[in-house]
Amino acid sequence: MTAAPDDDGFTEFAVAAWPRLVRTAQLLTGDFHEAEDLVQTTLAKVYARWRRVPRGEIDLYVRRALINNNLSRIRRKRVVHLLTPVLPESLRHTSAGHAEAVEQRTALLAALADLTARQRAVMVLRYWEDLTELEIASVLNCSIGTVKTHARRGLAALRAHPGLAAVPAPPLPAPTGARR
């Protein structure tokens, strides 16, 4: 990709940010191809306003644009995305470790797809992008209390999701010392 002489660093930013943005968008959309479309749309809109974006807030601006474009996409479509909960039998046993990882990722994407768009955005920004509650509130343009509420409800929904069965905790060691 060659940079236009007057793009003010947009091309370099887009090339460097692309993998991170696609990963975030994939977690938001549940589909790799829609994620790429979402990032492409977002970067096109950001490019139109690139010169007006404060240089210290580029990441915040782009994350907010990505989240808002995803919410708009959901509002426009109003279609439930059905994710395959397990891979076809022929692909499941190719490599035991790989198959388990794929099944876990598929279950996670299905569980994320069952969350509301705002809960999913909070989960992705908090646990994959590692943003603080204050940063998430800034990206989503809401209060910290709203972020905490979405996080609490989102975690509760993920914990209760049948596809994400909790791994049983290891047995506690026997207490040592005198017994009463």
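Undergrad: How should I be thinking about the packing of aromatic side chains in this particular structure?
TA: A ring pair, where both rings are aromatic, is described by two values, the distance of the centres and the angle of the planes. Tallying each qualifying case throughout the model produces three aromatic pairs. Their ring planes at 75 degrees and their centres at 5.1 Å tell us that F10 and W50 sit as a pair that is edge-to-face. Highlighted residues: F10 in helix α1 (residues 10-29) and W50 in the loop between α2 (32-48) and α3 (58-77), separated in sequence by 40 residues. Per residue, the accessibility class of F10 equals that of W50, and both read buried. Their ring planes at 35 degrees and their centres at 5.4 Å tell us that F13 and W50 sit as a pair that is tilted. Taken together, the residues F13 in helix α1 and W50 in the loop between α2 and α3 connect sequence positions 37 residues apart.

Undergrad: What is the right way to look at unusual backbone geometry in this model?
TA: Residues other than glycine predominantly adopt negative phi, and peptide bonds predominantly adopt the trans conformation. We note that D130 has phi near 60 degrees; this positive angle belongs to a residue other than glycine. Residue D130 is classed as exposed on the basis of its relative accessible area of 60%. Located in the positive-phi region is N141, a residue other than glycine, with phi close to 55 degrees. Mapped onto the fold, N141 is located in the loop between α7 (133-140) and α8 (144-160).

Undergrad: Mind showing me how you'd approach the side chain of Q119 here?
TA: Its location among the elements puts Q119 in helix α6 (residues 117-127). For Q119, a relative accessible area of 11% translates into the label buried. Each residue touching Q119, except ones within four places of it in the same chain, is listed here: H150, R153 and G154.

Undergrad: Teacher, can you tell me more about the pattern of salt bridges here?
TA: Pairs may arise between side chains of opposite charge once their charged atoms sit close together. Considering all chains together, one arrives at six salt bridges under this definition. Across the pair E129 and R23 runs a salt bridge, and its minimum N-O distance is 3.1 Å. With E129 in the loop between α6 and α7 and R23 in helix α1, this residue pair connects regions lying 106 residues apart in the sequence. Judged by relative accessible area, which is 10%, E129 ranks as buried. Residue R23 is classed as partly exposed on the basis of its relative accessible area, which comes to 38%. A single salt-bridge network, built from bridges that share partners, covers R23, R63 and E129.

Undergrad: So what exactly am I meant to see when it comes to the side chain of E129 here?
TA: Here R23 takes part through its side chain, which lies 3.1 Å from a polar atom of the side chain of E129. Here E129 is in contact with R20, R23, T24, R63 and V124, once residues within four sequence places are set aside.

Undergrad: Teacher, can you tell me more about the packing of α1 against α2 here?
TA: Each pair of packed helices can be summarised by the angle the axes make with each other and by the distance between the axes. Across the interface, α1 lies against α2 with an axial gap of 8 Å and an inter-helix angle of 140 degrees. Overall, the two elements α1 and α2 adopt an arrangement that is oblique. The two elements α1 and α2 cross, and the hand of that crossing is right-handed. Residue-level contacts link F10, F13, A14, W18, L21, V22, A25, Q26 and T29 of α1 to F32, E34, A35, E36, L38, V39, Q40, L43, V46 and Y47 of α2. For the contact of α1 with α2, the class distribution of residues is 14 nonpolar, three polar and two charged.

Criteria and cut-off values
Residues numbered from 1 in each chain as written. Predicted model: local features only at pLDDT ≥ 70, side-chain atom pairs only at ≥ 80, totals over all residues. Heavy atoms only, no water. Phe/Tyr/Trp six-rings, centres within 6.5 Å; stacked < 30°, edge-to-face > 60°. Helix = DSSP H or I, 4+ residues; strand = E, 2+ residues; numbered from the N terminus. Buried < 20%, exposed > 50% of the residue type's maximum accessible area, 1.4 Å probe, protein only. Contact = heavy atoms within 4.5 Å. Salt bridge = Lys/Arg side-chain N within 4 Å of Asp/Glu carboxyl O. Polar contact = N/O pair within 3.5 Å; in protein donor to acceptor, adjacent residues only side chain to side chain. Axes fitted to C-alpha atoms, helices over the stretch in contact; angles between N-to-C directions. Parallel < 35°, antiparallel > 145°, perpendicular 65-115°, else oblique. Left-handed = near helix turned anticlockwise from the far one by under 90°. Nonpolar A, V, L, I, M, F, W, Y, C, P; charged D, E, K, R; others polar.

Keep in mind that these numbers describe shape and distance, not what the molecule does.
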